[in-house]
Structure formats: C-alpha cells, structure tokens
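# Analysis of the macromolecular model
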Amino acid sequence: MGLGVVSLLNAVFRRAFTSAGLRPGSAAVDADTSLHFWAHPSLLLPPPSSSGEQNGDTGDRRRRPVVVLIHGFGPDATWQWASQVGPLSRHFDLVVPTLLFFGAGSTTKSPDRSDAFQAAAVAKLLTAHLGLDLMIDGSQQVVHVVGTSYGGLVAYHLAQALAIAAGTSGLMGNESNKVVICSADLAKGEEDDVALAAKGGVGDVTELMVPADTKALRRLMAICAHGPPKYIPECLARDLLRKYFSVQREEKIQLIKGIASGHGFQISPLPQEVLIVWGEFDQIFPVEKAHKVKEKLGEKARVEVIPSTGHLPHQENAKLFNKILLSFLLPPPSPAAAAATK
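For the structure given in this document, a descriptive report is provided here. From a predicted model like this one, the values you see are computed outputs, not experimental measurements.

### Topic: the pattern of salt bridges
- Counted according to the given criterion, the structure contains 8 salt bridges.
- Residue Arg218 pairs with Glu234 through a salt bridge whose shortest N-O separation is 3.0 Å. Taken together, the residues span a long stretch of sequence, with Arg218 in helix H7 (residues 214-224) and Glu234 in helix H8 (residues 234-244) at a distance of 16 residues.
- Three or more residues are tied together by salt bridges with common partners; here these are Asp185, Asp192 and Lys289.

### A look at the packing of helix H2 (residues 77-89) against helix H12 (residues 318-329)
- Relative orientation of the contacting elements H2 and H12 amounts to 40°, with a least axis distance of 10 Å. Considering the angle they form, H2 stands oblique to H12. Between H2 and H12 the crossing geometry is right-handed. From H2, Ser83, Gln84, Pro87 and Leu88 reach across to H12, where they touch Ala318, Phe321, Asn322, Leu325, Leu326 and Leu329.
- Partitioning the contact of H2 with H12 into residue classes produces 7 nonpolar, 3 polar and no charged.

### What to know about the environment of Leu99
- Within the secondary structure, Leu99 sits in the loop between strand S4 (93-98) and strand S5 (106-107).
- The spacing of Leu99 and Ala121 is 22 residues in sequence and 8.6 Å in space, taken between C-alpha atoms.
- Residues contacting Leu99, with those up to four places away along its chain left out, are Ile70, His71, Gln118, Val122, Tyr150 and Val154.

### Re the packing of aromatic side chains
- Under the defined criterion, the tally for this structure stands at 6 aromatic pairs.
- Ring geometry for Phe73 and Tyr150: centres 5.2 Å apart, planes at 85°, overall edge-to-face. Here Tyr150 lies in helix H4 (residues 150-166) and Phe73 lies in the loop between strand S3 (66-70) and H2, a separation of 77 residues in the sequence.
- On the accessibility criterion, Phe73 (15% relative accessible area) is buried.

### Focus: the packing of H7 against H8
- Running from amino to carboxyl end, H7 crosses H8 at an angle of 90°, the nearest separation of the two axes being 9 Å. With respect to their mutual orientation, H7 and H8 come out roughly perpendicular. Residues Thr214, Leu217 and Arg218 of H7 pack against Glu234, Ala237, Arg238, Leu240 and Leu241 of H8.
- Residues of the contact of H7 with H8, tallied by class, amount to 4 nonpolar, 1 polar and 3 charged.

### Comments concerning H2
- End to end, H2 covers just 16 Å across 13 residues, shorter than the expected 18 Å (1.5 Å per residue, more than 12% under).
- The largest bend in H2 is about 50°, located at Ser83, with the proline Pro87 one to four residues further on.
- Across the 13 residues that make up H2, a large majority, 11, are buried.
- Taken as a whole, H2 has its buried residues at Ala77, Thr78, Trp79, Gln80, Trp81, Ala82, Gln84, Val85, Pro87, Leu88 and Ser89.

### Side note on the pairing of S3
- Summarising burial for S3: 5 of the 5 residues are buried, a large majority.
- The alternating pattern of S3 places Val66, Val68 and Ile70 on one face and Val67 and Leu69 on the opposite face, and all of these are buried.
- Pairing analysis gives 3 bridges linking S3 to S4, with the strands arranged parallel. Looking at S4, one finds that Val66 is bridged to Asp93.
- In this view, the connection linking S3 to its parallel neighbour S4 by way of H2 has right-handed handedness.
- Of the strand pairs in this sheet, S3 and strand S8 (residues 143-148) are connected by 5 bridges, and their pairing is parallel.

### A word on the layout of surface pockets
- The calculated volume of the largest pocket comes to roughly 840 Å³.
- Pro75, Trp79, Met221, Leu312 and Gln315 are, among the 32 residues lining the largest pocket, the residues nearest its centre.
- Its residues assigned to classes, the lining of the largest pocket comprises 20 nonpolar, 11 polar and 1 charged.
- Quantified by volume, the second largest pocket comes out at close to 340 Å³.
- Looking at the lining of the second largest pocket, the elements with two or more residues in it are helix H1 (2-19), strand S2 (33-39), H2 and H8.
- Partitioned by chemical class, the residues of the lining of the second largest pocket number 8 nonpolar, 7 polar and 4 charged.

### Description of empty space enclosed by the protein
- Under the defined criterion, the tally for this structure stands at 1 cavity of 30 Å³ or more.
- Taken as a whole, the largest cavity holds about 150 Å³ of empty space.
- Of all the secondary structure elements, the ones that give two or more residues to the lining of the largest cavity are H4, helix H5 (190-200) and helix H6 (205-209).
- In terms of residue class, the lining of the largest cavity is made up of 10 nonpolar, 1 polar and 2 charged.

Cut-offs used in this document
- Positions within a chain are numbered from 1, following the residues in the order the chain's sequence is written.
- Reporting in this predicted model follows two pLDDT cut-offs: at least 70 for local features of residues, and 80 or more for side-chain atom pairs to be given and counted; totals over whole chains, interfaces and linings ignore these cut-offs and use all residues.
- Neither water nor hydrogens contribute to the side-chain values; these are computed over all heavy atoms in the structure.
- What makes a salt bridge here is a side-chain nitrogen of Lys or Arg within 4 Å of a carboxyl oxygen of Asp or Glu, nothing more.
- Note on conventions: DSSP H or I runs of at least 4 residues are helices, E runs of at least 2 residues are strands, and numbering of each starts at the N terminus.
- Axis definition: a line fitted to C-alpha atoms, over the contacting stretch in the case of helices. Angles run 0 to 180 degrees between N-to-C directions.
- Each angle is binned into one of four classes, with values under 35 degrees roughly parallel, values over 145 roughly antiparallel, values of 65 to 115 roughly perpendicular, and all other values oblique.
- Handedness of each helix crossing follows the sense of rotation of the near helix against the far helix: counterclockwise by less than a right angle gives left-handed, clockwise gives right-handed.
- Only heavy atoms enter the contact rule, under which two residues are in contact if any of them lie within 4.5 Å.
- Amino acid classes used here: Ala, Val, Leu, Ile, Met, Phe, Trp, Tyr, Cys and Pro are nonpolar; Asp, Glu, Lys and Arg are charged; the rest, including Gly, are polar.
- Ring geometry is summarised as follows: Phe, Tyr and Trp rings, the Trp one being its six-membered ring, pair when their centres sit within 6.5 Å, and such pairs are stacked at plane angles under 30 degrees, edge-to-face over 60 and tilted between the two.
- Only protein chains enter the accessibility calculation, which uses a 1.4 Å probe. A residue is then buried if its area is under 20% of the maximum for its type, exposed if over 50%, and partly exposed in between.
- To estimate how far a helix should extend, the number of its residues minus one is multiplied by 1.5 Å.
- A residue's bend is the angle separating two fitted axes: one through the seven residues that end there, the other through the seven that start there.
- In this analysis, strands are considered paired if DSSP registers two or more bridges between them.
- When the strands point away from the viewer and the connection leading from the first strand across the helix to the second strand turns clockwise, the crossover is called right-handed.
- Using a 1 Å grid laid over the protein atoms alone, points where a 1.4 Å probe fits but cannot get out form a cavity; open sets with protein on both sides within 12 Å along at least 5 of 7 lines form a pocket; any residue with an atom within 4 Å of a point counts as lining.
- Grid points are joined across faces, edges and corners, and a volume is the space filled by probe spheres set on the points.

Quick look at the structure:
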C-alpha cells in the first residue's frame, strides 16, 4: 500500500510540473558531473540572435524572466515545489534542478560536498547549457533565484557564482534580478547544530536530517511541520524512507557536514534585492534566525514571516507564500495598469 501511495503522489506532483509546461532533462555540467532538471522548453532552445533570426527562427522571440527553484533535503523537487510551479509559470520561465545526491544526477570524482559545490554545478547548468548569461537584444536576461532550507544555502552561493561568471556588471549585477531565501539559516554555526540535535532527541544533527529508520523519519516530519499529519501508515513511512532518504545516504550525511556556513563561512551582502521568508514556528531554524540573516545580508534584504507555519511555509500555506513570492518577483504595475484596477 505504501508503494502505491508514494507512486500516486509522484504522479500527482509530476503532473503539476508538466501542467505548468515543464519538461524533464539532464546535462553533463563537467567531465564527471551531471544534473537532472525540469525546465520550460523555451529555455532548451538556442537563444535568439541580435537580428532575431537563428536556425530559421525569424520571430522576435524574447525570453521571459527566469526563476530557478532550488529544493532542500527530503523528497525530490516535484514534491517540494508542486504548489509553486503553476502560479510562477504564468509569469516566468522556470528551471528546477535536482541537486547532487538527491536524484538522477551524479558526480564521480569530486570529493567536495559543500553547498558552494552544489551551486557551482547549478551555475554551470544555467550558463553553459541554458545560456542564461547571454545578452538578449542588448539587455541582460533576468534570472531570479529561490531556495528553501538547504536549497537556500545553495541559492546564496548560486547568486554569487553567477555574479562572478558574468563579471562585475554582469548577470546578477542586474538590479532586476532578485533572490529569495526561505527557511535557510545562512548564519548557522556549530552551536545551532548541537541545539537542533538536542531538540530532535538525537546525538548528531545528521541523525535527524538523514533518518536511518522510520522512527527517525517520523521525528523529522514532526519537527519540520507546524501541523504534521497525526497518522502515517508504517508501510508509507517505510517506502518514503527507502525512496528518498536511504539512497546515497552517506553522501547526504557528507552534505550536512559540508555546509560551509557552519565552518567559518562569512556572509556578505548580495548586490540584488533579497526576500527572506520564514515560518512563524520553524523548529529547525527558529524565526529569530531570519532577522539575523537579514542583518548579515544588509539593507537590500527584508523579512516576511508566514503565520502558523513551520519549516515548510511554501507547502504549509502555499497560497500566502505564492502571493508574497509573486508580489516580490513581479515588477510593480505601470501607473496606467494601477489606475485601471482602482
């Protein structure tokens, strides 16, 4: 029965992605590293030339702004972003990578397990395979980066990596580009890991974040959501564990240990506007951490707290989260449009 439920949920979440126009793909980002991703087909086409013609395409095709959605630990990206891809796809082209050791992607040689390493792989996917650092009709392609939990750490490094790749006046220097950090403690230190382990009743934080059995998985689910489900059949918990936590478990443990911000990493402000979204009752990273992250990121950052949610506000109150997200990412309406709505 558990296998049937998980398979059904996989189909439902994948359908949300395909209904939003996304298609799966994979790419080799270097000699020994490949990434799986979902993206709108327009991003897989060659970018238009300055004359508007390429490969027989004579239309004046311009790309829409792009949003990159980066998932955290747990089930794959289709589970984590299913509630966002539909509303976002009405306004943006989307790229949703599967981070290394969370799915079909792989790396065979690199020993690096840092969040910066994950970001570098995604940056290569965006710039080398999707061409998002290219000029389009004399203007920069707009790229927004959104990350939740562990993905928020990766999103921070991705913003920096794209800025370096494009140069001081390049892609992420474009003031139109924005970053959203959701439930991600960029200022995390070793003492925070100790506190989280104690809260979860385990000796080490990896035992909580990468559960080894269904008892540990239930503990993680209880601490992640403000209102966790009261009953989860053992067969379902067992299959979730097998499919999403047991595979490449040792590599996932190394990812936890390799989080750069817990080992002397210094946060510096980003050049673009930053939205920090947090759940009011987050038990993984308490809400006061949101304001500490804002202090580190400077005057271009602001905080939005979603009431009555835990570590997963984008899932626990998707309607409000999406409203906040779209309000931040979309440009303000023109005076004429604003007047028409009154």
